[in-house]
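Here is how the chains run, residue by residue.
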Amino acid sequence: MNYALNETQAMLRRSIRDVLERECPISRVREIEASDSPYDASLWRRLGRLGMLELGIVRKGESFVDGLVLAEELGRAIAPIPFASSIVASGGLLAGSGKHAAIFADLLAGEIVCPFAISDDLSNVDPWNSRSLAIRRTSDVALVGPKSFVEALPTVGPLVFVTKTDNQIVRAYLVDASLGEVTYERTTAGDLLGSIFFEGALAEEVGGRGPSVDRVYAAIDRARIAHAANICGMAARSLEMAIDYAKTRIQFGRPIGSFQTLQHRLADLTTSLEATRFLTYHAGWTVDQGVDFDVAAAMALHSAIDVAEQLAIETAHIFGGYGVSVDTDIQLYYRRLRAAEVRWGDAGQLLETVASKDLDPV
Amino acid sequence: MDFAFTPEQEAFRREVDEFFRRELTPAVLAEIEEHQARGDIRCPTLERKLVETGWLTMQWPVELGGLGRSNVDAAIFNEATGYYHIPDGLWGITVGTVGNAIRAFGSEEQKKKYLPWIAKGDVIFSQGFTEPEAGSDLASLKTRAVADGDDFLVTGQKVFIGRAHLADYIYLATRTDPEAPKHRGLTLFLVDLKSPGIDIRPLWLTNGIRYNHIFFDGVRVPRSSMLGELNRGWYHMTTTLDIERSGTRSVGEYRRLMEELAKYIKRTERNGRKLAEDPLVRAAYAKLAIDVEASRLLCYRIAWLQSTGTIPNHETSITSLWNRLLGQRIANEGLRILGPAGQIRAGGESAVAGGMFEALLRSQLTRLHAGGTVEVQRQVIALRGLGLPR
């Protein structure tokens, strides 16, 4: 039993933090936000070359928890890169697929991203209800329909497209973005989410014969856990900034952090974040045990969503007017925490997974 | 990070579980109920069996009557006592607070006298700290102990003292130096409750448990009863408060409540619909389940920290705060899900799970203040944990 990071993980965290302090300072975050890039390609490549991106891939003898350490640090730095979607979700489905080994290698090297396209206006991380369709013909598959809310979607390059087939099965496909029409939407967080529309684009099942729906959902659940860790990192840094401000901001002749109301609110936020962090790492550990982790993932992410909302608001609020001033950094965290609440499925879906385990017949 | 029990810990967990399943016979349950009806949290038959296992003092070294077991094992045992609702009146304060205080700063004579006694389950202590004017502001307590030759004469009043009417001794906090700053004039004594001048009167709480007022009128207490150093009582008290339980008893209680809630939801129909199919009920249940799982992780984290030789500090307050507030949410959501049956006491035909949820309504507030209010927990987190300024 060990409720702390082991020595290797602690070293990993320190080295990732050092890299990100150098390669992803706040100024870089602001730069990407002001640009038309859907992600920071040079940071992505740098992390790929350092061998860090592959921490998000589950491999025999290695721990997914190491990937959570990276995800958490990426959150602390609000690094504008698609770790959960491109690596954990898409990469998780590409892994072990001999046919796509070259793409997988480029992905882990940070040469390319591989966006994870699953949602549309009718379905939120719920391919059973997707608008799109995969039409299976004698020797190939054609994708028809839209995807929205896709992170880090370049106009060219491979992406994973999760949809229902014409015989009502959920499958994941690899397809090139250039075969579709890509448009972008700016979010609260400041990033660009992509929409893509295919009208019969030729695609390949990921993994050759294609992973079963269980594998697709396992990839989604691992991404959820990574996303929860990312939220923990953003929240922790937000909280730190608020505490530092409360110690130094003087009003009525004393630091505002000496007022009991703020002390109690910060204590409550610290407590909630601690709970979420352990639920998240426990979920990552559960992945390593080789047992079902859908409930653990749902618990981790739902808890992270609640924490994101509460902590984003209260930490920004401690800055008063400065909390909504674009010159202050806290609002960068606030906007990213809020958007993070809705990136990996409806909160209700997550509660359903938890409820079903105890309340439905086996 | 590793959240697994070792095979030995898992085996111990099964052993404890089997023990309680076996020993909670109808006769034992009836005995528990009988004592409960008198406001007492005792079960003499089960207590004797527990003393035989050695589990009550399991963390003590073998030479002191213990088993040399780890904090994690103790946490596993405590979780089971919560799950099975085992009355802990015999050992709650006696072992955890007083026994550990005697081990930490008792004299050799006191250790020789009391520790074997405690290990054998032959003595009960109550804790005499709180006064009518000294609750959260405990250091302002006024009960005086005045030196008189080789003895002290104790005069004052304590309130909300659990099990004093069942106990042999009281672990008493007194003021021995009224001139000193309040934290520096306190002294602890182990007072024989049979001493002349002690008047114990019942104080009943809404949870049905009998607490007490205790009046001390010139009670003669020998110097040898002093525990620790003169005027160093506050520092002794706060050290023992820091060696707190990990809170896994609550985890066991909450897990049990959730199991009963799930059973109720699965078997109940209301207003033409199965509760198990009601999305609002499912969502409310799931939120509690997530928070109970978080509670389990937070509590075992404390046990793990203790097992590494670290004395957890604000981490304990974080865990305590989470548990105390979660208890309110379980009681409140439970009531809403149970509907009118939720208000029916044990014995009524409509009572659910033996009145388990109804009883929470009358006990839940205690979790907000017993052993330090939630406000105090937040202060500890803020000041000691986050370094916020006073």
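Keep in mind it's a predicted model, so treat the numbers as computed, not measured.

Let's shift gears to the overall build of chain A. In terms of regular secondary structure, chain A is built from eleven helices and nine strands. Against the globule reference of 21 Å for 362 residues, chain A gives a C-alpha radius of gyration of 20 Å, in line with a compact fold. Projecting the C-alpha coordinates of chain A onto the three principal axes gives extents of approximately 80 × 50 × 40 Å. For chain A, the proportion of contacts with a sequence separation of at least 24, taken over those separated by at least 6, is 74%.

Before going further, it helps to examine the overall build of chain B. From N to C terminus, chain B includes 13 helices and ten strands. Relative to a compact globule of 390 residues, whose C-alpha radius of gyration would be 21 Å, chain B shows 22 Å and is just as compact. With the principal axes as the frame, chain B shows a C-alpha extent of 75 × 55 × 45 Å. Within chain B, the proportion of its 390 residues that are buried is 53%. Within chain B, contacts between residues at least 6 apart in sequence are counted, and of these 69% link residues at least 24 apart. Total accessible area on chain B is roughly 17300 Å²; 51% of this is exposed by carbon and sulfur atoms. A distance of 3 Å separates the average location of the 50 positive side-chain charges in chain B from that of its 48 negative side-chain charges.

Residue and element names in this part refer to chain B. One can describe the packing of helix H5 (residues 92-105) onto helix H6 (residues 108-119) by two numbers: an axis separation of 10 Å at closest approach and a directional angle of 155°. Classed by the angle they form, the pair H5 and H6 counts as roughly antiparallel. Here the hand of the crossing between H5 and H6 comes out left-handed. Seen from H5, the contacting residues are Thr94, Val95, Gly99, Ile102 and Arg103; seen from H6, they are Gln110, Lys111, Tyr114, Leu115 and Ile118. Class assignment for the residues of the contact of H5 with H6 results in five nonpolar, three polar and two charged.

For interface size, the figure often reported is the accessible area lost on association. Contacts between the two partners involve 40 residues from chain B and, on the opposite side, 42 residues from chain A. Summed over both partners, the interface of chain B with chain A buries about 4000 Å², with 70% contributed by carbon and sulfur atoms. Together, Met1, Phe3 and Arg282 of chain B form the three largest contributors to the area buried by chain B at its contact with chain A, with a combined 22%. Inspection of the region where chain B meets chain A yields four salt bridges. Among the salt bridges present, the one from Arg301 of chain B reaches Glu274 of chain A, with a minimum N-O distance of 2.7 Å. For the pair chain B and chain A, the number of links is 15 residue pairs in polar contact (both at pLDDT 80 or more).

The subject of this paragraph is the packing of aromatic side chains. All names here are of chain B. Under the defined criterion, the tally for this structure stands at 25 aromatic pairs over all chains. Relative to Trp55, the ring of Phe12 lies with its centre 5.6 Å away and its plane at 90°, an arrangement referred to as edge-to-face. Of the two residues, Phe12 is situated in helix H1 (residues 7-23) and Trp55 in the loop between helix H3 (44-53) and helix H4 (71-83); the sequence distance between them amounts to 43 residues. Residue classification places Phe12 among the buried residues on the basis of a relative accessible area of 1%. Judged by its relative accessible area of 5%, Trp55 is buried.

Ranked by size, the top nonpolar core spans 220 residues in total, and within it Leu266 of chain A together with Phe20 and Leu50 of chain B carry the most contacts. Per element, the largest residue contribution to this core is 19 residues, and it comes from helix H7 (residues 213-248) of chain A. Those residues in contact with Leu266 of chain A that lie beyond four places of it in its chain are Leu239, Ala242, Ile243, Ala246 and Ile318 of chain A together with Leu386 and Leu388 of chain B. Formed by 16 residues, the second largest nonpolar core is a distinct cluster that contains Val141, Leu153, Tyr173 and Ala203 of chain A.

This next bit is on the confidence of the model for chain B. For chain B, per-residue confidence averages 96 on the pLDDT scale, and 99% of positions sit at 70 or higher. Our summary of model confidence lists the complex with pTM equal to 0.95 and ipTM equal to 0.94.

This part is about the environment of Ala74 of chain B. Residues and elements named next belong to chain B. Considering the arrangement of structural elements, one finds Ala74 in helix H4. When the C-alpha positions of Ala74 and Glu31 are compared, they lie 25 Å apart, and in sequence the two are 43 residues distant. Not counting residues up to four positions away in its chain, the partners in contact with Ala74 are Met58 and Gln59.

Residues and elements named next belong to chain A. Among the residues making up helix H6 (residues 101-108), those that are buried are Phe104, Leu107 and Leu108. Buried residues of H6 fall within an arc of 90° about the axis and therefore sit on the same side. Buried residues in H6 make contact with helix H3 (41-49) and helix H5 (83-94). Where H6 ends, the next residue or the one after it, Gly110, has phi of about 80°, a positive value.

It is worth spelling out the packing of helix H1 (residues 7-23) of chain A against H3 of chain A at this point. All names here are of chain A. Viewed as axis vectors pointing N to C, H1 and H3 meet at an angle of 150°, and their least axial separation amounts to 11 Å. One finds that H1 runs roughly antiparallel with respect to H3. Handedness of the H1/H3 crossing: right-handed. Two secondary-structure elements touch here, H1 through Val19, Leu20, Arg22 and Glu23 and H3 through Leu43, Arg46 and Leu47.

Basis of the calculations
Each chain carries its own residue numbering, running from 1 in the direction its sequence is written. Note on labels: chains are lettered from A, ligands numbered from 1, in written order. A pLDDT threshold of at least 70 governs which residues receive local features in this predicted model, and a stricter bar of 80 or more applies before side-chain atom pairs are shown or counted, although totals over entire chains, interfaces and linings include all residues. With hydrogens and water stripped out, all remaining heavy atoms of the structure feed into the side-chain values. Runs of E in the DSSP output that reach at least two residues are strands. Runs of H or I that reach at least four are helices, and both are numbered from the N terminus. Radius of gyration: C-alpha atoms only; globule rule: 2.2 Å multiplied by the number of residues to the exponent 0.38. In this analysis, two residues are considered to be in contact whenever any of their non-hydrogen atoms come within 4.5 Å of each other. Any residue under 20% of the maximum accessible area for its type is buried, any over 50% is exposed, and the rest in between are partly exposed; the area is computed with a 1.4 Å probe on protein chains only. Each accessible area is a Shrake-Rupley result for a 1.4 Å probe, and residues are judged covered by the shown protein chains and nothing else. In this count, Lys and Arg are taken as positive residues and Asp and Glu as negative ones, while His and the chain termini are left out. The location of each charge is read from NZ of Lys, CZ of Arg, CG of Asp or CD of Glu. Every axis corresponds to a line fitted to the C-alpha atoms, with the helix fit spanning only the stretch in contact, and the corresponding angles, defined between N-to-C directions, vary from 0 to 180 degrees. To sort the angles, those under 35 degrees are grouped as roughly parallel, those over 145 as roughly antiparallel, those from 65 to 115 as roughly perpendicular, and the leftovers as oblique. Each crossing is labelled by how the near helix is turned from the far one, with a counterclockwise turn of less than a right angle marking it left-handed and a clockwise turn marking it right-handed. Side-chain classes follow a simple rule in which Ala, Val, Leu, Ile, Met, Phe, Trp, Tyr, Cys and Pro form the nonpolar group, Asp, Glu, Lys and Arg form the charged group, and the remainder, Gly included, forms the polar group. Buried area, as used here, totals the accessible surface that two parts lose on assembly, with accessibility defined by a 1.4 Å probe and the loss added over both. The rule for a salt bridge is simple: a side-chain nitrogen of Lys or Arg has to be within 4 Å of a carboxyl oxygen of Asp or Glu. Polar contacts, as used here, are pairs of N or O atoms within 3.5 Å; protein pairs need one atom able to donate a hydrogen and one able to accept it. Residues neighboring in sequence count only if both atoms are side-chain atoms. Think of it this way: a Phe, Tyr or Trp ring, Trp meaning its six-membered ring, pairs with another when their centres are within 6.5 Å, and the plane angle makes it stacked under 30 degrees, edge-to-face over 60, tilted otherwise. Among the buried residues, those of types Ala, Val, Leu, Ile, Met, Phe, Trp, Tyr and Cys that are joined through side-chain atoms within 4.5 Å form a nonpolar core. A score from 0 to 100, pLDDT tells how confident the predictor is in each residue. Directions pointing from the helix axis toward each C-beta atom define the arc.

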